[in-house]
Each structure stands twice: as structure tokens, then as C-alpha cells.
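Observations on chain architecture
What follows is each chain in one-letter form.
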Amino acid sequence: MPAPTTSPANGPDTSPAPAPVNSRSRVLIASLIGTTIEFYDFYIYATAAVLVFPSLFFPSSDPTTALLSSFAVFGAAMVARPIGAVVFGHLGDRLGRKGTLVASLLTMGIATFLIGVLPTYAQAGWVATALLVLMRLAQGFALGGEWSGAALVATENAPKGKRALYGTFPQLGAPLGFIIGNGLFLIIGALLPSAAGADPSQPSDAFLNWGWRIPFLFSAVMVAIGLWVRMRLVEAPVFARTREAGLVRKLPLATVFRSHWKQLVLGTFFMLATYVLFYLMTTFSLSYGRTAKDAAVPGLGYEYTTFVLMMIFGVLFFAAFTLISGPLADRYGRRATLIAVTAGILVFGLVWVPLIGLGTVGVVLWLVFGFTLMGMTFGPMGALLPELFPTSVRYTGSGISYNVSSILGAAVAPFIAVALWEAGDGSPWLVGVYLSSMALLTLVALVLGRETKDVGLEEGEAAEAPGAERLRSARLPEAL
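Procedures and definitions
Each chain has its residues counted from 1, following the order in which its sequence is written. Given that the model is predicted, a residue must reach a pLDDT of at least 70 before its local features are reported, and side-chain atom pairs must reach 80 or more before they are shown or counted; all residues, however, enter totals for whole chains, interfaces and linings. Neither water nor hydrogens contribute to the side-chain values; these are computed over all heavy atoms in the structure. Each helix is a run of DSSP H or I of at least 4 residues and each strand a run of E of at least 2, with the numbering of both proceeding from the N terminus. Note on exposure labels: buried denotes an accessible area under 20% of the residue type's maximum, exposed denotes more than 50%, and partly exposed covers the range between, all computed with a 1.4 Å probe on protein chains only. Note on definitions: a residue-residue contact is assigned when non-hydrogen atoms from the two residues lie within 4.5 Å. Interaxial angles span 0 to 180 degrees and are taken between N-to-C directions of axes, which are lines fitted to C-alpha atoms, for helices over the stretch in contact. For classification, angles of less than 35 degrees are called roughly parallel, those exceeding 145 degrees roughly antiparallel, those between 65 and 115 degrees roughly perpendicular, and all remaining angles oblique. The crossing is said to be left-handed when, going from far helix to near helix, the turn is anticlockwise and less than a right angle, and right-handed when the turn is clockwise. Only Asp, Glu, Lys and Arg are considered charged in this grouping, and only Ala, Val, Leu, Ile, Met, Phe, Trp, Tyr, Cys and Pro are considered nonpolar; every other residue, Gly among them, is considered polar. A carboxyl oxygen of Asp or Glu within 4 Å of a side-chain nitrogen of Lys or Arg is what we treat as a salt bridge. Here the aromatic set is Phe, Tyr and Trp, taking the six-membered ring for Trp, and pairing holds for ring centres within 6.5 Å; pairs whose planes are under 30 degrees apart are stacked, those over 60 apart are edge-to-face, and all others are tilted. Distance and angle both matter: a charge sits over a ring if NZ of Lys or CZ of Arg is within 6 Å of the ring centre and within 35 degrees of the ring normal. Each patch is built from salt-bridge-free residues with over 30% relative accessible area, joining like charges within 9 Å and nonpolar side chains (Val, Leu, Ile, Met, Phe, Trp, Tyr) within 5 Å. Working definition of accessibility: Shrake-Rupley area with a 1.4 Å probe, residue cover restricted to the visible protein chains. Picture the helix axis, draw a direction to every C-beta atom, and the arc is the one those directions span. Put simply, buried Ala, Val, Leu, Ile, Met, Phe, Trp, Tyr and Cys residues joined by side-chain atoms within 4.5 Å make one nonpolar core. Multiplying 1.5 Å by the helix residue count minus one yields the expected span of that helix. Looking at any residue, its pLDDT shows the predictor's confidence there, from 0 to 100. As used in this structure description, the phrase polar contact means that two N or O atoms lie within 3.5 Å; if the pair is within protein, one of them must be able to donate a hydrogen and the other to accept it, and residues adjacent in sequence are counted only when both atoms belong to side chains.

Remarks on the overall build of the protein
A count of helical and extended segments in the protein gives 22 helices and two strands. The buried share of the protein, taken over its 480 residues, is 57%. Look at the contacts in the protein between residues 6 or more apart in sequence, and 84% of them connect residues 24 or more apart.

Focus: the packing of helix H14 (residues 304-332) against helix H17 (residues 360-378)
Between H14 and H17, whose axes approach to 7 Å, the crossing angle comes to 30°. By the angle class used here, H14 and H17 are roughly parallel. The handedness of the crossing between H14 and H17 comes out as right-handed. Taking contact as the criterion, the partners of Phe-307, Met-310, Met-311, Phe-313, Gly-314, Val-315, Phe-317, Phe-318, Phe-321, Thr-322, Ser-325 and Leu-328 in H14 are, on H17, Thr-360, Val-363, Val-364, Trp-366, Leu-367, Val-368, Phe-371, Thr-372, Met-374, Gly-375, Met-376 and Phe-378. Here the contact of H14 with H17 is composed, by residue class, of 18 nonpolar, six polar and no charged.

Notes on the pattern of salt bridges
A side chain of one charge can pair with a side chain of the opposite charge when the charged atoms of the two come close. Considering all chains together, one arrives at eight salt bridges under this definition. A salt bridge links Asp-330 to Arg-334, with the shortest nitrogen-to-oxygen separation between them at 3.1 Å. Here Asp-330 matches Arg-334 in class, with each residue buried. Put simply, Arg-334 and Glu-387 hold a salt bridge, and the shortest N to O gap is 2.6 Å. With Arg-334 in helix H15 (residues 334-350) and Glu-387 in helix H18 (residues 381-387), this pair connects stretches of sequence that are 53 residues apart. Note on accessibility: Arg-334 and Glu-387 belong to one class, buried. One network of salt bridges, with partners in common, ties together Asp-93, Arg-97, Glu-156 and Arg-394.

Structural notes on the packing of helix H13 (residues 272-290) against helix H20 (residues 413-423)
Axis separation between H13 and H20 bottoms out at 9 Å; the angle between their running directions is 50°. One way to sum up the angle between H13 and H20 is to call them oblique. The way H13 lies across H20 gives a crossing that is right-handed. For the pair formed by H13 and H20, the contact residues are Val-276, Tyr-279, Leu-280, Thr-283, Phe-284, Ser-287 and Tyr-288 on the first element and Ala-413, Pro-414, Ala-417, Val-418 and Trp-421 on the second. Residue composition of the contact of H13 with H20, grouped by class: 10 nonpolar, two polar and no charged.

Some remarks on the packing of aromatic side chains
Under the defined criterion, the tally for this structure stands at 32 aromatic pairs. Here Arg-136 stacks its cationic end above the ring of Tyr-45, 4.1 Å away from the centre of that ring.

Focus: a nonpolar patch on the surface
Residues Leu-106, Ile-110, Phe-113, Leu-114, Val-117 and Leu-217 make up a contiguous nonpolar surface patch of about 470 Å² in total accessible area. In terms of residue count, helix H4 (residues 97-115) provides more of the nonpolar patch than any other element does, four residues in total. Mapped onto the elements of the fold, Phe-113 is located in helix H4.

Re the environment of Gly-289
Tracing the backbone shows Gly-289 in helix H13. The contacts of Gly-289, once residues within four sequence positions are left out, are Leu-300, Gly-301, Tyr-302 and Phe-307.

Remarks on unusual backbone geometry
For Asp-425, which is not glycine, the phi torsion reads 55° and is therefore positive. In this structure, Asp-425 sits in the loop between H20 and helix H21 (429-448).

Topic: helix H11 (residues 252-259)
For H11, the full list of buried residues reads Pro-252, Thr-255 and Val-256. One side of H11 carries all its buried residues, which in axial view fall inside an arc of 100°.

Details of the nonpolar core
Core analysis: the largest hydrophobic core is formed by 130 residues, its most contacted members being Phe-53, Trp-212, Phe-307 and Trp-366. Looking at this core, the element that brings in the most residues is helix H1 (residues 24-51), giving 16 residues. Contact partners of Trp-212, with chain neighbours within four places excluded, come to Val-52, Phe-53, Leu-56, Phe-57, Ile-115, Phe-185 and Phe-207.

Some points on helix H9 (residues 213-230)
Between its terminal C-alpha atoms H9 stretches 27 Å, which fits the 26 Å expected from 18 residues at 1.5 Å a residue. The complete set of buried residues in H9 reads Arg-213, Pro-215, Phe-216, Ser-219, Met-222, Val-223, Gly-226, Leu-227, Val-229 and Arg-230.

Structural notes on the confidence of the model for the protein
When pLDDT is averaged along the protein, the result is 84; 88% of the residues meet or exceed 70. The low-confidence segment residues 13-18 (pLDDT under 50) makes two contacts with residues lying over four places distant or belonging to another chain.

Quick word on the side chain of Ser-285
The residue Ser-285 is located in helix H13 in this model. Judged by relative accessible area, Ser-285 falls into the buried class, the value being 0%. Setting aside chain neighbours within four positions, we find Ser-285 in contact with Leu-280, Phe-307, Met-311 and Trp-366.

Some remarks on the side chain of Asp-330
Secondary-structure assignment places Asp-330 in helix H14. When its relative accessible area of 14% is taken as the criterion, Asp-330 is described as buried. Polar contacts involving the side chain of Asp-330 include one to the side chain of Arg-334, which spans 3.1 Å. Non-local contacts of Asp-330, meaning those with residues more than four positions away in its chain, are made with Gly-161, Lys-162, Arg-163, Ala-164, Leu-165 and Lys-453.

Points about the environment of Phe-71
Within the fold, Phe-71 resides in helix H3 (residues 63-94). Take Phe-71: its relative accessible area is 2%, and that puts it in the buried class. For the pair Phe-71 and Val-412, spaced 341 residues apart in the sequence, the C-alpha separation amounts to 8.9 Å.

Below, the structure written as C-alpha cells:
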């Protein structure tokens, strides 16, 4: 043990060493890389659910039935997400954020890798489909614990007045994961093109046989990088002080439902329009864009490569406006920013058909406007949902709100969208109305909610336990 330092004037310096803190770069990279990997894993499943899984795992004489079956399994993962939020939230609020984030990333990585080695229906019958469902549920379970942990790493380590900006970095993982995942599918598709005379909108035999597995297997490399980054994190001071003050809850879930149920309900509806828009623009749009114009339920008739490139162009706006939304939410408030953006989503849902009717230029504008609004609504959520809850239940509360909303929004959105697409005889106007209706519900929740921009992350602890006085005395300086 090193000897204490001495000073001629003051004698030996026996003051404790300052608690280690995470550097700004470590916080931002750790919160970004984990969600990028998690969303990459989620997106490659979403792409495969449209492109190859209907024929490989859900054979049917009716293509629409096979697609809906594939979407149903896609949505099943959303049901597992609140369970993951409860389990990982309990661990995160009891034991700490770091270890919980490592566990969620490992769970997602293992499940995704195993999808890449599954037998198909032709090889193993219903067992193959059952295994795919199981792995998909594991993906949803892992993602249920990932987002809230990453958001807490960002916001609990953020400097004063920059929580929304820091909170956009885990959100940025969504567009980056989309670009990496779909970009890899595009490269593989270009290397394994359809045979001469075959339908270019359909994957080649080589792609169906083995090419689709590569993105799932590649996730192992990304997970290894993410684990290396996250293992270097230390707990944020705000959580460390809560633990030292004896405010850690034995049952965070019970505390959340007993004392913070209003925040749970509001947080769930805050996210509703975001989730519906998210999955309509990424999952439904890929089906609609690739479906032939002369199909039983007509679509836009673009080749897969062409339409995915158009989507990636739109996702660039998603990424840019996710970052832009942070400073706006820090300056004008989360609530005011989201009310304006949600009103824009409501209007956007009503102009789908006029936009798409303008031809390719209109379709590109449709994608750009949709993904721009997605970035503007998704970015502030990284700060808003954690700010609704005190430190002792923040992982659990924000995770449940975020992931219960995934059931109400994302789990059913692709399924409802296909049904409304059919009901509209190939026109997506009813799908747009559905989006606008969900935006209206979110607007009501935002109007009923309160602004959290100036709420301290430890605010509300005093009312929860006698240890609050110890928490106040244990506080460190605000600046990091």
C-alpha cells in the first residue's frame, strides 16, 4: 500500500481517494455501442422476417399468411421485453448498472448467434420454428433490459444541463444498428445475386440456403467489442450514493407500482407514437416497398436493393435528428419539444397517400419525413423516461414504461399495418390514419405530464426512506 503523502504545513494527507468516475468518452461510447449492437441484432431479425423467414420457417401456400406468421413471431419478442425489463431492472436497481448491462448484451448476442445456426422448417419441421420463436423471445428479453440500462449510463453520468444530449447517444444506436444490419444484408445480396431470369426482388437460392446466416453469426464479433467497452465502466456516482445511503430497494418492482404508477402509465403513452412510427417505417415499409404492383395486395414494386438503399438514406436523417433533438430538449424542455414533434407525426400520418402518389420522389420524401420525425421523437426519450423515476427504481421504472409501450405499439404495429393495408386494397391510407391515432394518444399523455428538464436525478429520494439524509450528506459536486 502506498504511504500517505505529506505536506510540510499540514502533515500526512489521510483523506480518502476520490471515487472513480467515467470519462465523457467512455460514457458515450459504452451507451452507444451496446444499443447499436442490440438494435443491429433486432434489425437483422426484422429484415430476415420479411425477406427469408416466411419461406424458411413458415411455409404456406398463401404468401400473406406466411408473412403474417413471421411478423407474429417478430411481435412475440415485444411481449418478452417487459419481462426482461422487470428482471434486468431488478438487478440493475439492486446490484448496479454495469453488471446488468453486460448480462443483457451477452443474452442478446448468444440468442442472435444461435439463430444463425438453426435448422430450417424443411430440415427439422416444427422444431425449427419453435427454436426460432425461443431465440426471438430471448432477444426480446435481452432488449428489455438493455435500453434502460444504457440510457441510465448516459444520463446518470451527464453534466448538468446536458442530460438530453447525453441521452441521445443510446438512442443513436437504433439508426446505426439499422444501417449496419441492412448494409450487411445488401452486401451479401449483391455477392449472391438472383439467377438470370429470376425475380430480382426475391433472394437467390444461395442467399436462402446460407447467405442469410452471415449477419447473425457476425454479431458475435460485435458483442465481443461491446463487452470489452462495458467492462471498463464504473458505477455512476448518483447510484453509488443511493447504495451507500441504504436506499436500494429489496423489491423495486413493488415500489414502482405502489408509489410511481402514474409515471409508469404516462411514460408508456409517451413512447406509443414513437414505437408505432418506428416499426411502420422500418418493418412495414420494407414489405410495402418490395411488394409488386400487380400482387393480390399491391405495393410499391421496388427491388429489394433499391428500396433498402432508399431506407438507409432516410435513416441518415433519423441519426442526424436524433442528435439534434438533444440540445433542443435541453434548451426548450422535453415536454415542449415532444408535443411539437408528436403533432408533426399526427399530420404525417394523414399525408402518406399524397406523398407516395408523387412517385419515387414522393416515396423518398415519405421516408425522409418519417425518419426525421423518428429521430426527433426518439432522441429526448433517453432523458425523459429516466427522469420520471428516482434513482432507487429508475432502471425498473423506465424499463417497464419503455417496454410495455413496445407491446401496445411495436408488437402489434406490423400486424395491424398489414391488415389495414389489405383493407385499403393496397393503399396505405388506413395505416397512416392508425399512426395519427396513436400520435393523438401520445399528445394527450404529454399534455397531462409535466416537464422534467430541471428535475434532479436524486429528487424524490427524501420521501422514500430515512436514509435520505445520508444521501444528501454523501452527495458529490455536481460537475463531472
